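Understanding the architecture of this molecule
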Amino acid sequence: MRACKTAAQERETIAKECAALRAAFKETDSPDQDSVRHRNVAKLMFIHMLGYPTHFGQMECVKLIASGNYPDKRIGYLALMVLLDERQEVLMLVTNSMKNDLLSSNQFIVGLSLTALGNISSAEMARDLAPEVEKLLGSKNSFIRKKAALASVRVLKKVPELVEDFLAPAAKLLEDRHHGVLISAVTLVTEMCESFPETADFFRSKVAVLVRVLKNLVGSSFSAEHDVGGLNDPFLQVKVLRLLRILGHGDADASDLMSDILAQVATNTNTSKNAGNAVLYECVQTIMGVESISGLRVLAINVLGKFLQKTDNNIRYVALNTLAKVVSVDTQAVQRHRSMIVGCVKDSDVSIRRRALELVYALVNENNITVLAKELIDYLVVSDSEFRPDLANKIGTLVERFAPEKRWHLDTARHLLEQAGEHVGGVFHQRRACDLSIPKEERYR
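Model, not experiment: these values are computed from the prediction. (Residues numbered from 1 in each chain as written. Predicted model: local features only at pLDDT ≥ 70, side-chain atom pairs only at ≥ 80, totals over all residues. Heavy atoms only, no water.)

Positive phi, close to 45°, is recorded for Asp233, a residue that is not glycine. With respect to the secondary-structure elements, Asp233 resides in the loop between strand 2 (231–232) and helix 13 (234–248). (Helix = DSSP H or I, 4+ residues; strand = E, 2+ residues; numbered from the N terminus.)

Written out as structure tokens, the structure is:
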């Protein structure tokens, strides 16, 4: 393949290799075929990834999976996930082999079967293998428990009526001490709560367990294995915070249990690395998503205010986007960061400018209209031409809605029309046409 100079040469090479593979696959009685089958299937996967048809080799995956040799099984399961999908009828032929592998004493063979089940399982396969997966959730081997939890996510997506069978095993996994099992268990429970909201009541009894897990992650020492940017397993922290948000939504008791640890995460997380910013962002989302006290919400909004001071545009955009969602919850707390938000309207990044403008639009009221209108009109003079129409129209609408007095209204409207009259004239004319206090013949003059 590397020697091919043109696309035509590549197609010719692939055609010759596919012909050789077909011939090899037909030699079912040859003893040499068993020893090279895994290598031929590996070639087939490479051809598939180049975009060429490989349907003629699907049955070879089934033969490799049925083999008692672990290297053959590994290539067979990999090919099954690469070459096939859940719509292929060939999948039904491997169900029995997968069931046998789930019962194997070799943890790696069990892991291969669980991985394939979690990736391409059809509804029929999931229903047939669900009992074995449920049993493996209670395995003594942490590697198998982790794989079984991830496979359970796929099983429940394909066969929702089995959710009750997985409630107790999933809840028990939340008490596991192994990080890999914990993150898989939290993923499973989160999926169950999102897909089946009625299960959230069952898992709310585990809020105290999740709080203890998060407290251990934040406060205790940790091994180098879980160190990411100076944080103790931020991936698990983010997953736990997301699950706490789901369980605390609409439940005051559950929210009270997690309030202290949420404050601790928001206060003590190191933001010098991006991993810390990710944990803080998820913490803010959780605080605003549960029944938090006002002091905790103010703390979360202050965290977003610190995000606005960052130089990374991605972090600043995320902060503006989140502030726009929470401004209706605690407008006063967001108002404290008004100067930084207005500063973002003048940013060089157009996406940040537009998001900041939408947030300023939500912050304007009768008390601050005079200050904000002046700042926005001053910026209008030097803004980019493609940004000016949107900004001018928003300023015009705000002036019309929150003008404190007629004299200020007229002066500001005149100033705005002088700077960008071609963009905002329609705003004032439309408002005049809709004002029923003005006689009809005057409204349309």
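We are not done yet, so read on.
Take Phe25: it is sitting in helix 1 (residues 7–26). For Phe25 and Met288, which are 263 residues apart along the polypeptide, the C-alpha to C-alpha distance reads 59 Å.

The next thing to look at is the environment of Arg39. As for its placement among the helices and strands, Arg39 is situated in helix 2 (residues 31–49). Judged by relative accessible area, which is 52%, Arg39 ranks as exposed. (Buried < 20%, exposed > 50% of the residue type's maximum accessible area, 1.4 Å probe, protein only.)

For the rest of this paragraph, the subject is a nonpolar patch on the surface. The grouping of Met1, Phe46, Met49 and Leu50 at the surface amounts to a nonpolar patch, some 390 Å² of accessible area in total. By secondary structure assignment, the location of Met1 is in the segment before helix 1. We classify Met1 as partly exposed; its relative accessible area is 34%. (Patch = residues over 30% accessible without salt bridge, like charges linked within 9 Å, V, L, I, M, F, W, Y side chains within 5 Å. Areas by Shrake-Rupley, 256 points an atom, 1.4 Å probe, with all protein chains shown as cover. Salt bridge = Lys/Arg side-chain N within 4 Å of Asp/Glu carboxyl O.)

Another point: the packing of helix 5 (residues 91–102) against helix 7 (residues 123–136). The packing of two helices is summarised by the inter-axis angle and the distance between the axes. Where helix 5 meets helix 7, the axes come as close as 10 Å, and the angle between the chain directions of the two elements is 10°. For the element pair helix 5 / helix 7, the angle class is roughly parallel. Counted together, Leu91, Met92, Val94, Thr95, Met98, Lys99 and Leu102 of helix 5 and Glu124, Met125, Asp128, Leu129, Glu132 and Leu136 of helix 7 form the full contact between these two elements. (Axes fitted to C-alpha atoms, helices over the stretch in contact; angles between N-to-C directions. Parallel < 35°, antiparallel > 145°, perpendicular 65-115°, else oblique. Contact = heavy atoms within 4.5 Å.)

Applying the stated rule across the entire model yields three aromatic pairs. For the pair Phe202 and Phe203, a centre-to-centre distance of 5.3 Å together with 85° between the ring planes defines the contact as edge-to-face. With relative accessibility at 39%, the residue Phe202 sits in the partly exposed group. By relative accessible area, Phe203 is classed as buried at 0%. Directly above the ring of Phe56 sits Arg22, whose terminal nitrogen or CZ lies 4.2 Å from the centroid. Positioned above the aromatic ring of Tyr361 is the side chain of Lys394, whose terminal nitrogen or guanidinium carbon lies 5.8 Å from the ring centre. (Phe/Tyr/Trp six-rings, centres within 6.5 Å; stacked < 30°, edge-to-face > 60°. Lys NZ or Arg CZ within 6 Å of the ring centre and 35° of its normal.)

Turning to the confidence of the model for the chain, a few remarks are in order. Mean pLDDT over the chain works out to 86, with 92% of the residues at or above the 70 mark. No element of the chain has a lower mean pLDDT than helix 24 (residues 440–443), at 48, and none a higher one than helix 8 (residues 142–158), at 95. Across residues 430–434, confidence stays below pLDDT 50; counting only partners more than four residues off in sequence or on other chains, it has seven contacts. (pLDDT = per-residue confidence, 0-100.)

Right, let's get into the packing of helix 5 against helix 6 (residues 107–120). Where helix 5 meets helix 6, the closest approach of the two axes is 8 Å, and the angle between their N-to-C directions is 140°. The orientation of helix 5 with respect to helix 6, classified from their angle, is oblique. Note on packing geometry: the crossing formed by helix 5 with helix 6 is left-handed. Between helix 5 and helix 6, the contacting residues are Leu91, Met98, Asp101 and Leu102 on the first element and Ile109, Val110, Ser113, Leu114, Ala116, Leu117 and Ile120 on the second. Counted by class, the contact of helix 5 with helix 6 contains nine nonpolar, one polar and one charged residues. (Left-handed = near helix turned anticlockwise from the far one by under 90°. Nonpolar A, V, L, I, M, F, W, Y, C, P; charged D, E, K, R; others polar.)

Here we come to the pattern of salt bridges. Tallying each qualifying case throughout the model produces 20 salt bridges. Between Arg245 and Glu282 there is a salt bridge; the shortest N-O distance is 2.8 Å. In this pair, Arg245 is assigned in helix 13 and Glu282 in helix 15 (residues 274–289), connecting sequence segments 37 residues apart. Residue Glu282 is classed as buried on the basis of its relative accessible area of 5%. Where Asp390 meets Lys394, a salt bridge forms, and the shortest distance between an N and an O atom there is 3.3 Å. Here Asp390 and its partner Lys394 are both found in helix 22 (residues 388–402), four residues apart, which amounts to about one turn of the helix.

Turning our attention to helix 17 (residues 313–326). In this model, helix 17 (14 residues) spans 20 Å end to end at C-alpha, consistent with the 20 Å of a helix rising 1.5 Å per residue. Capping of helix 17 at its N-terminal end is provided by Asp312; its side-chain oxygen lies 2.8 Å from the backbone amide nitrogen of Asn314. (Expected span 1.5 Å × (residues − 1). Polar contact = N/O pair within 3.5 Å; in protein donor to acceptor, adjacent residues only side chain to side chain.)

When the terminal C-alpha atoms of helix 16 (residues 294–307) are compared, their 20 Å separation across 14 residues agrees well with the 20 Å that a helix rising 1.5 Å per residue should span. Within helix 16, burial applies to Leu296, Ala300, Ile301, Val303, Leu304, Gly305 and Phe307. Buried residues belonging to helix 16 abut helix 14 (252–268), helix 15, helix 17, helix 18 (331–335) and helix 19 (338–344).

Note on placement: Arg37 falls in helix 2. Sequence-distant contacts of Arg37, that is, excluding residues within four places in its chain, are made with Glu60, Lys63 and Leu64.

The next thing to look at is the state of the cysteines. Tallied over the entire structure, the rule returns zero disulfides. With no disulfide of its own, Cys61 lies closest to Cys18 among cysteine sulfurs, the gap being 14 Å. Residue Cys61 is classed as buried on the basis of its relative accessible area, which comes to 0%. Of all cysteine sulfurs, the one in Cys193 lies closest to Cys283, which takes part in no disulfide; the gap is 19 Å. Residue Cys283 is classed as buried on the basis of its relative accessible area, which comes to 1%. (Disulfide = S-S within 2.5 Å.)

Tracing the chain through its elements places Lys310 in the loop between helix 16 and helix 17. On the basis of relative accessible area, Lys310 is assigned to the partly exposed category, the value being 24%. Ignoring anything within four residues of it in the chain, the contact list for Lys310 reads Thr271, Asn277, Ile315 and Arg316. In terms of polar contacts, Lys310 uses its side chain to reach the backbone carbonyl oxygen of Thr271, at 3.1 Å.

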